[in-house]
Amino acid sequence: MANEPEKIAGPNACAECHKQETEAWKGSHHFKTFREMPRNLEANKIAQRMGVRRIRAESLCLNCHYTVQKKDDKDEPIAGVSCESCHGSGKEWIKLHSSYSGKTAQTETSAEKAQRWKLAEAKGMIRIHAIYQLAKNCYGCHVVPNEALVNKGSHQAGSPFELVSWSQGEVLHNTWYSKGKANVPANAARKRMLFLVGLGVELEMSLRAVAKATTRKAYAFLMAQRVDRARKQLAVAAKNAPNVPEIAKMVELAHSAGLKLNNERLLAIAADGVSKLIVSMTDKYDGSSMAGLDSMIPGPEKFKGTPRKPAAIN
């Protein structure tokens, strides 16, 4: 995830303006983990196996389950998974992104607005158009990046994560541009991009996990299974969207390195290649020409939780 404790502004800084989005977050498991995880029986069993005495005080758990802020030279968890976990540590960009270039929303010119967003992104803000960066933050934890956690701690190797179904459920908070009147779901074109980029990142992160595996135990096998599932789904996607040749190239790369121990170099090369192809796709396509993927994309019945209904104006 994108947390840099010394640069974390904290969710309260975002909530000053983003009231609707904050309320959506408060209804999510991302918010609730702050209080619930230390009381969770299975979480405590995993912590004991890993030699972690306090879940909310040791980095093994903090990296994925909390937002951590540097206070008095100490890393302090201040919330569960929150705004900056996905959108980037905000101290350097939070005031800039909301400044309207020193004017108002009505008087800021288009050129000034574009420059403001460019500067905010240069300082680490991850906006909604940056699907690859957002997805990396999701999959960076939902594909568990720690071999010992799985082999020694018996932690799951990750969630059965899929970007459309998880982003369009309880975590959906697209209320800003409607001024709080609606929590707008992704349109068909964006869902296609979310689905495709999500599959690509699943493949990339799983390849990197296999590359780092050191023993023939659960972690290596489970991550190899994730690679195999992702490349099979991408093979179907390549047939359904033949006008996007990058998909087939990702599948080809995924088969170019054996899913075995002591093969880090070739697996890393394959993962790097997949990464470059995803970036190329997000630069080149907007999803409008990928209707062939629609049959593969989960519908609302598969969404994780229910989106919050807006009740106030931002």
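See the structure printed just above.
(A) Quick look at the overall build of the chain. Looking only at helices and strands, the chain features 15 helices and two strands. Taking 20 Å as the expected radius of gyration for a compact globule of 314 residues, we find that the chain reaches 20 Å, a close match to that expectation. If you line up the chain on its principal axes, its C-alpha atoms span 60 × 55 × 35 Å. For the chain, the residues scored as buried account for 45% of the 314 residues in total. Considering only contacts in the chain between residues 6 or more positions apart, those separated by 24 or more positions represent 71%.

(B) Focus on the pattern of salt bridges. Taken as a whole and judged by the stated rule, the model has 18 salt bridges. The residue Lys26 makes a salt bridge to Glu23 at a minimum N-O spacing of 3.8 Å. In this pair, Lys26 and Glu23 both sit in helix H2 (residues 19-26), three residues apart, roughly one turn of the helix. On the basis of relative accessible area, Glu23 is assigned to the partly exposed category, the value being 37%.

(C) View of a nonpolar patch on the surface. A surface patch of nonpolar side chains, amounting to about 340 Å² of accessible area, comprises Ile128, Trp176 and Tyr177. Relative to the helices and strands, Ile128 resides in the loop between helix H8 (110-122) and helix H9 (131-142).

(D) Region of the structure containing the nonpolar core. With 69 residues, the main nonpolar core has Tyr139, Leu203 and Ile247 as its most contacted residues. Formed by six residues, the second largest nonpolar core is a distinct cluster that contains Cys14, Trp93, Ala120 and Met125.

(E) Structural context of a positive patch on the surface. Together, Arg35, Arg39, Arg53, Arg54 and Arg56 make up a region of like positive charge exposed at the surface. Relative to the helices and strands, Arg54 resides in the loop between helix H4 (41-50) and helix H5 (59-65). Residue Arg54 is classed as exposed on the basis of its relative accessible area, which comes to 57%.

(F) Spatial organisation of the pairing of strand E2 (residues 74-79). Pairing geometry for strand E1 (residues 67-71) and E2, over five bridges, is antiparallel. Each residue of the ladder has a partner; that of Thr67, found in E2, is Ala79. In this structure, the hairpin formed by E1 and E2 is closed by a connection of two residues, where Asp72 is found at a positive phi of approximately 55°.

(G) Seen up close, the packing of helix H14 (residues 245-254) against helix H15 (residues 264-284). At a minimum axis distance of 9 Å, the contact between H14 and H15 shows a crossing angle of 170°. In terms of orientation, H14 lies roughly antiparallel with respect to H15. Note on element contacts: H15 touches H14 through Ala270, Gly273, Val274, Leu277, Ile278, Ser280, Met281 and Lys284, opposite Glu246, Ile247, Lys249, Met250 and Leu253. Residues belonging to the contact of H14 with H15 are distributed by class as follows: eight nonpolar, two polar and three charged.

(H) Structural context of the state of the cysteines. Enumeration according to the criterion identifies one disulfide in this entry. Shown here is the disulfide that connects Cys64 with Cys141, its sulfur atoms set 2.1 Å apart. Linking Cys64 and Cys141, the disulfide has an S-S dihedral of approximately -90° and is accordingly described as left-handed. Within this pair, whereas Cys64 is found in helix H5, its partner Cys141 is found in helix H9, the two being separated by 77 residues in sequence.

(I) The arrangement of helix H13 (residues 218-240) in detail. Look at H13: 33 Å from first C-alpha to last across 23 residues, which is about the 33 Å you get at 1.5 Å a residue. Packed against the buried residues of H13 are H9, helix H10 (147-151), helix H12 (188-212) and H14.

(J) How the structure looks around the packing of aromatic side chains. Evaluated as defined, the whole model comprises four aromatic pairs. Relative to Trp166, the ring of Phe161 has its centre 5.0 Å away and its plane inclined at 40°; by these criteria the two rings are tilted. Through pairs of rings, three or more aromatic residues link up here, namely Tyr139, Phe161 and Trp166. A cation over an aromatic ring shows up here: Arg127 above the ring of Trp117, its NZ or CZ 3.8 Å from the ring centre.

(K) Structural view of the side chain of Glu246. Within the element layout of this structure, Glu246 appears in helix H14. A residue is classified by how much of its surface remains accessible, and Glu246, at 6% relative accessible area, is buried. Not counting residues up to four positions away in its chain, the partners in contact with Glu246 are Leu277, Ser280, Met281, Lys284 and Tyr285.

(L) How the structure looks around H14. Among the residues of H14, Glu246, Ile247, Met250, Val251 and Ala254 are the ones counted as buried. Buried residues of H14 fall within an arc of 150° about the axis and therefore sit on the same side. Buried residues along H14 sit in contact with H12, H13 and H15.

What counts, and at which threshold
Residues numbered from 1 in each chain as written. Predicted model: local features only at pLDDT ≥ 70, side-chain atom pairs only at ≥ 80, totals over all residues. Heavy atoms only, no water. Helix = DSSP H or I, 4+ residues; strand = E, 2+ residues; numbered from the N terminus. Rg over C-alpha atoms; globule rule 2.2 N^0.38 Å. Buried < 20%, exposed > 50% of the residue type's maximum accessible area, 1.4 Å probe, protein only. Contact = heavy atoms within 4.5 Å. Salt bridge = Lys/Arg side-chain N within 4 Å of Asp/Glu carboxyl O. Patch = residues over 30% accessible without salt bridge, like charges linked within 9 Å, V, L, I, M, F, W, Y side chains within 5 Å. Areas by Shrake-Rupley, 256 points an atom, 1.4 Å probe, with all protein chains shown as cover. Core = buried A, V, L, I, M, F, W, Y, C linked by side-chain atoms within 4.5 Å. Lys, Arg positive; Asp, Glu negative; His and termini not counted. Charge placed at Lys NZ, Arg CZ, Asp CG, Glu CD. Pairing = 2+ DSSP bridges. Axes fitted to C-alpha atoms, helices over the stretch in contact; angles between N-to-C directions. Parallel < 35°, antiparallel > 145°, perpendicular 65-115°, else oblique. Nonpolar A, V, L, I, M, F, W, Y, C, P; charged D, E, K, R; others polar. Disulfide = S-S within 2.5 Å. Expected span 1.5 Å × (residues − 1). Phe/Tyr/Trp six-rings, centres within 6.5 Å; stacked < 30°, edge-to-face > 60°. Lys NZ or Arg CZ within 6 Å of the ring centre and 35° of its normal. Arc of directions from axis to C-beta.

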